[in-house]
Amino acid sequence: MTVISIQSQVAWGHVGNSAAVFPIQAHGIDVVAVPTTLLSNRPGYDTIRGRVLDVQLVADLLLGIEERGALDGARMILSGYLGSADIAAEVADFVSGAKARNPALLYCCDPVLGDREEGLFVRLDIPPLMRDQLCPLADIITPNHFELEYLCGTKATTIDAVIAQARTIIARGPSTVVVTSAELPDTSGDTIETLAIEATRAWRLRTPRVPISPNGTGDLFAGLFAAARVQGSDTPAALGHAASAIFAVLERTARSGTEEMRIVETGEELVHPKRRFEAVAIT
């Protein structure tokens, strides 16, 4: 089993591929990791080195893994932060060709655009490509609440509105929309809410809020959810697994007092979380 993961990479810390690759591998799944950026660290530190990669380099890497037969053994393509509109368009072309060659291949798109605190943190020419090209190709998308609203162009302040927005996106192509960091009227301040929506069913899951906000949790969630689906879990089971494993990582990170997630130290619980949370059907 193989996952092709196309997203940012950092030398220090855990975001992008540097957050997703090890957790997927811990599940016994090979990962073909293609970087879209090579950076010393994530934004937020006093300094940052490196750059978004040239689109031709990313295209060459994608062609190279295709020449090695990566598409034939892959179960899923996962994409995250893409860095430029040119790279986004190149990834869309790659995914389209890959799915034509291997119809059983799933595509999980984490539409990394921004969040409630920072707003959009990508170049302004990326969101239209994400909305109009990448998301329609996807089987699964994993936006946070802010990204879901941005993709749909309207606010969603109730659970019915979130489900309706997700099903608007489902009508364009994906079969599953997972909304992380959902903000609902009855979401208490001491919980984190995640929703999973399909065409006729939806699930809700709450975990206790750990009093830290490290970067890369969305990248980690997408990797864990993809790993569970590749191993045969259905949507609610994959949601429960990913949320439980992230909770274990956040608990350990809080105990350590570090800015970066303690992913490697939580290795065993990435696969077998000690505390498990279950998704509850809501429709």
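Coordinates for the structure precede this section.
Residues numbered from 1 in each chain as written. Predicted model: local features only at pLDDT ≥ 70, side-chain atom pairs only at ≥ 80, totals over all residues. Heavy atoms only, no water.

Student: Describe in detail the side chain of T36, supporting the description with residues and values.
Tutor: Checked against the element boundaries, T36 lands in strand 2 (residues 30-39). Accessibility expressed as a relative area gives 0% for T36, which makes it buried. One polar contact links the side chain of T36 to the main-chain amide nitrogen of S8, over a distance of 3.2 Å. Apart from residues no more than four positions distant in its own chain, T36 is found in contact with I6, Q7, S8, V52, L53, V58, Y81, L82 and I87. (Helix = DSSP H or I, 4+ residues; strand = E, 2+ residues; numbered from the N terminus. Buried < 20%, exposed > 50% of the residue type's maximum accessible area, 1.4 Å probe, protein only. Polar contact = N/O pair within 3.5 Å; in protein donor to acceptor, adjacent residues only side chain to side chain. Contact = heavy atoms within 4.5 Å.)

Student: Kindly report on the sheet that holds strand 11 (residues 202-208), identifying the contributing residues and their values.
Tutor: Spatially, the 10 strands line up as an open sheet ordered 3-2-1-4-5-8-9-10-11-12, and their pairing is mixed. Only two strands of the sheet have a single partner each, and these edge strands are strand 3 (50-52) and strand 12 (280-281). Across 3 bridges, the pairing between strand 2 and strand 3 is antiparallel. Looking at the pairing, L39 lines up with G50 of strand 3. In the packing of helix 1 (residues 17-26) onto the sheet, the strands contacted are strand 1 (2-10), strand 2 and strand 4 (74-79), and the crossing angle to strand 1 comes to about 150°. Set on the sheet, helix 4 (residues 85-101) makes contact with strand 1, strand 2, strand 3, strand 4 and strand 5 (106-109); between it and strand 4 the angle comes to about 165°. (Pairing = 2+ DSSP bridges. Axes fitted to C-alpha atoms, helices over the stretch in contact; angles between N-to-C directions.)

Student: Describe in detail the pattern of salt bridges, supporting the description with residues and values.
Tutor: Counted by the stated rule, this structure contains 16 salt bridges. As a salt-bridge pair, R116 and E183 come within 3.2 Å of each other at their nearest N and O atoms. With a gap of 67 residues between them, R116 in the loop between strand 6 (114-115) and strand 7 (119-120) and E183 in the loop between strand 9 (176-179) and strand 10 (191-197) connect regions that are remote in the sequence. When salt bridges that share partners are traced, they join R116, E149, K155 and E183 into one network. (Salt bridge = Lys/Arg side-chain N within 4 Å of Asp/Glu carboxyl O.)

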